[in-house]
Amino acid sequence: MNMFIGWNWVGILLWIVAIIFLIWVIHFIRVKQLMLIISTQKSFDKKLFATYVGLLVVSIAFIGTMSWLSFFRPVDMTNKTDVDISTKYHQLELNQVKTGYYYVTAQKSENGKQPIVSYTYLTNGSKTTISSRNGTVSRGSDAINMDASVYPWNKKQVNEYDTKTGHAFSAEMTIKYKKTFLNGLGVRSGHVAGYYTLLRVPSADFILSETSK
């Protein structure tokens, strides 16, 4: 039933119409061509060809528009009419290993093609592992580093938590499409658009680097 959250039913109906229309166009062209060959012994007619092209253009444009709305329309994270953004903050806990205490374990790729594969951290007694594509570690003077700065953080809230936790916290952002008509056209209404996690540590000494096997 999640597919029908908000306006998604409109997008689903339009996708069905677009696919049915494309099938009908293909069937129409096939029938007309067979009738043309049978009645005139010819396989080409200018008027029919123009009709075919017109129908195919409309059908492809219809499918293309629906594809753009569903798969390729970029997410504007600063547009509050398009997305909802929520952020959960947790204090990082030290994880003890043989070599010392660390807040974050950075898993490196053995072949070196992707320097960092994932980050693992401990909050509320539970370990969490995230992909490096959806997270970053900030260890400089600013709580929000360059990688994380492209996301719409509440800077005041981040800085307050940075001071409160002694520069050791996780900020887990969830970006969700609002239940709007436009998002419904792309069957996105109410769905999660993305995640991003900012891991804050006092210094690089609190990051343990490991190589994946």
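My aim in this report is to walk through the structure given alongside it, one point at a time. Quick caveat: nothing in here was measured; it's all calculated off a predicted structure.

Right, let's get into the pairing of strand E9 (residues 192-200). Two strands pair when backbone bridges link them, and strand E7 (residues 135-138) and E9 are joined in this way by four bridges, in the parallel orientation. Residue pairing for E9: Val137 is matched across the bridge by Leu199. In this sheet, E9 lies alongside strand E8 (residues 169-177) in antiparallel orientation, the contact comprising eight bridges. Bridging from a neighbouring strand, Phe169 pairs with Arg200 of E9.

As a further point, take the packing of aromatic side chains. Counted by the stated rule, this structure contains twelve aromatic pairs. Geometrically, the ring pair formed by Tyr89 and Phe169 is tilted, given 6.2 Å between the ring centres and 50° between the ring planes. Placement of the pair is Tyr89 in strand E1 (residues 83-91) and Phe169 in strand E8, with a sequence separation of 80 residues. Relative accessible area serves as the criterion here: at 14%, Tyr89 is assigned to the buried category.

All right, on to helix H3 (residues 155-164) then. For H3, the full list of buried residues reads Val158, Tyr161 and Asp162. With its buried residues spanning 105° around the axis, H3 presents them on a single face. Facing away from the buried side of H3, by more than 90 degrees, are the exposed residues Lys156, Thr163 and Lys164. The elements touched by buried residues of H3 are E1, E8 and E9. Two residues or fewer past H3, Gly166 is found with a positive phi of approximately 70°.

In this section: unusual backbone geometry. The backbone phi angle of Asn124 is positive, close to 55°, even though this residue is not glycine. Mapped onto the elements, Asn124 comes out in the loop between strand E5 (116-123) and strand E6 (126-131). Residue Asn124 is classed as exposed on the basis of its relative accessible area of 59%. Phi angles above zero are rare outside glycine, and His167 is one such case at about 65°. Within the secondary structure, His167 is located in the loop between H3 and E8. Overall, the relative accessible area of 34% leaves His167 in the partly exposed class.

The four strands lie next to each other as E6-E5-E4-E10, forming an open sheet whose pairing is mixed. At either end of the open sheet lies a strand with only one pairing partner, and these are E6 and strand E10 (207-211). Mean inter-strand twist for the sheet, computed between neighbouring axes without regard to direction, equals 25°. Relative to E5, strand E4 (residues 104-108) is paired through five bridges, and the arrangement is antiparallel. When the bridges of E5 are listed, Ala106 appears paired with Tyr119.

Calculation notes
- Residues numbered from 1 in each chain as written.
- Predicted model: local features only at pLDDT ≥ 70, side-chain atom pairs only at ≥ 80, totals over all residues.
- Heavy atoms only, no water.
- Pairing = 2+ DSSP bridges.
- Helix = DSSP H or I, 4+ residues; strand = E, 2+ residues; numbered from the N terminus.
- Phe/Tyr/Trp six-rings, centres within 6.5 Å; stacked < 30°, edge-to-face > 60°.
- Buried < 20%, exposed > 50% of the residue type's maximum accessible area, 1.4 Å probe, protein only.
- Arc of directions from axis to C-beta.
- Contact = heavy atoms within 4.5 Å.
- Axes fitted to C-alpha atoms, helices over the stretch in contact; angles between N-to-C directions.

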